[in-house]
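One-letter residues, chain by chain:
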Amino acid sequence: MADSGYELIAALRLKGMGTRLGLTVLAAVTATLLHPSWIPTYWLLTYFAAQFVDQALFRIRQKTPERMPEWCLLTCIVINVLIFSSLSLYNWWLGGSEGRIFAAVSICCSLISIIVTMYPKKRYLFAALIPHGLYLLSLPLSSLITGTASTSGGSAMPMAIVTVSIVAYLIYLLVAVKKLNATMIAFQQASNEAQTAREAA
């Protein structure tokens, strides 16, 4: 019997492909406007290819779960996340102040989307959350390490504050995941009890 959690994730990923591709086109256009080059176009084509592989694997999982081992799906999720968030490095380093804002916001939005769509299975959830979180944390840290975080006055304090804020945000996300999981468990238990009561009536 197929696991309903896996089935739900597979259905959400298949249904949400159009939205993901549309957002990546917008991200590529924005990155090109921030710093014109062919790199965003190459990134977009690479992500499109990865998404079609993702869709093929999850479609197999949805139709014949026994034919698709879980490690293949987890690997595919990690690769897609790594590709998607790699554009944030381009925006952060080459897009100026606007690029840094866009890089951080795009990853934060992705993290929230992942919590909503991947919560039924923790392995899938953290396979997507961890790479995104590492990318987000690496942005200000890389500026601090390379010495490019200093303002015109020579202070690196603003970037240090950004780093601490990102750490706090990631901790908050983990707390939100825990609360969401507890809520879904309580909801499922209540649903099962209601079903049992109806059958006993």
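Residues numbered from 1 in each chain as written. Predicted model: local features only at pLDDT ≥ 70, side-chain atom pairs only at ≥ 80, totals over all residues. Heavy atoms only, no water.

(A) Looking closely at the overall build of the protein. When helices and strands are tallied, the protein shows seven helices and zero strands. Helices (α) and strands (β) of the protein occur, in sequence order from the N terminus, as α-α-α-α-α-α-α. The principal-axis extents of the C-alpha atoms in the protein amount to approximately 75 × 35 × 25 Å. For the protein, buried positions account for 35% of its 201 residues. Within the protein, counting contacts between residues at least 6 apart in sequence, those at least 24 apart form 71% of the total. (Helix = DSSP H or I, 4+ residues; strand = E, 2+ residues; numbered from the N terminus. Buried < 20%, exposed > 50% of the residue type's maximum accessible area, 1.4 Å probe, protein only. Contact = heavy atoms within 4.5 Å.)

(B) Representation of the packing of helix 4 (residues 70-94) against helix 5 (residues 96-118) in the model. Closest axis-to-axis distance for the helix 4/helix 5 pair is 6 Å, and the angle between their directions is 160 degrees. As judged from the angle between their axes, helix 4 and helix 5 are roughly antiparallel. Here helix 4 and helix 5 pass one another in a crossing that is left-handed. Two secondary-structure elements touch here, helix 4 through Ile77, Phe84, Ser85, Ser88, Asn91, Trp92 and Leu94 and helix 5 through Gly96, Gly99, Arg100, Phe102, Ala103, Ile107, Ser110 and Met118. Looking at the contact of helix 4 with helix 5, its residues break down into eight nonpolar, six polar and one charged. (Axes fitted to C-alpha atoms, helices over the stretch in contact; angles between N-to-C directions. Parallel < 35°, antiparallel > 145°, perpendicular 65-115°, else oblique. Left-handed = near helix turned anticlockwise from the far one by under 90°. Nonpolar A, V, L, I, M, F, W, Y, C, P; charged D, E, K, R; others polar.)

(C) View of the pattern of salt bridges. According to the stated counting rule, one finds one salt bridge in the structure shown. Notably, a salt bridge pairs Arg123 with Glu70, separated by 3.0 Å at the nearest N-O pair. Placement of the pair is Arg123 in helix 6 (residues 122-146) and Glu70 in helix 4, with a sequence separation of 53 residues. The class of Glu70 is partly exposed, set by a relative accessible area of 22%. (Salt bridge = Lys/Arg side-chain N within 4 Å of Asp/Glu carboxyl O.)

(D) Examining the packing of helix 4 against helix 6 more closely. One way to put it is that helix 4 packs onto helix 6 with a least axis distance of 9 Å and a crossing angle of 25 degrees. As judged from the angle between their axes, helix 4 and helix 6 are roughly parallel. Relative to helix 6, the crossing made by helix 4 is right-handed. In terms of residue class, the contact of helix 4 with helix 6 is built from 17 nonpolar, eight polar and two charged.

(E) A look at the side chain of Ser142. Topologically, Ser142 is positioned in helix 6. Those residues in contact with Ser142 that sit more than four places away from it in its chain are Trp92 and Trp93.

(F) Focus on the packing of aromatic side chains. Under the defined criterion, the tally for this structure stands at four aromatic pairs. Considering the side-chain rings of Trp43 and Tyr47, the 6.0 Å spacing of their centres and the 15 degrees angle between planes classify their relative orientation as stacked. Taken together, the positions of Trp43 and Tyr47, both in helix 3 (residues 39-63) and four residues apart, correspond to about one turn of that helix. By relative accessible area, which is 6% here, Trp43 ends up buried. (Phe/Tyr/Trp six-rings, centres within 6.5 Å; stacked < 30°, edge-to-face > 60°.)

(G) Inspection of the confidence of the model for the protein at higher detail. The pLDDT averaged across the protein works out to 84; a share of 91% of its residues lies at or above 70. Within the protein, helix 4 carries the highest mean pLDDT (92), whereas helix 1 (residues 4-15) carries the lowest (67). (pLDDT = per-residue confidence, 0-100.)

(H) Inspection of a nonpolar patch on the surface at higher detail. On the surface, Phe126, Ile130, Leu134 and Leu174 cluster together into a nonpolar patch covering about 370 Å² of accessible area. Considering each element in turn, the nonpolar patch owes the most residues, three residues, to helix 6. For Phe126, the location among the structural elements is in helix 6. Residue classification places Phe126 among the partly exposed positions, given a relative accessible area of 30%. (Patch = residues over 30% accessible without salt bridge, like charges linked within 9 Å, V, L, I, M, F, W, Y side chains within 5 Å. Areas by Shrake-Rupley, 256 points an atom, 1.4 Å probe, with all protein chains shown as cover.)

(I) Focus on helix 4. If you check helix 4, its first and last C-alpha atoms are 37 Å apart, about what 25 residues at 1.5 Å a residue would give, namely 36 Å. Positive backbone phi, approximately 70 degrees, marks Gly96, located one or two places after helix 4. (Expected span 1.5 Å × (residues − 1).)

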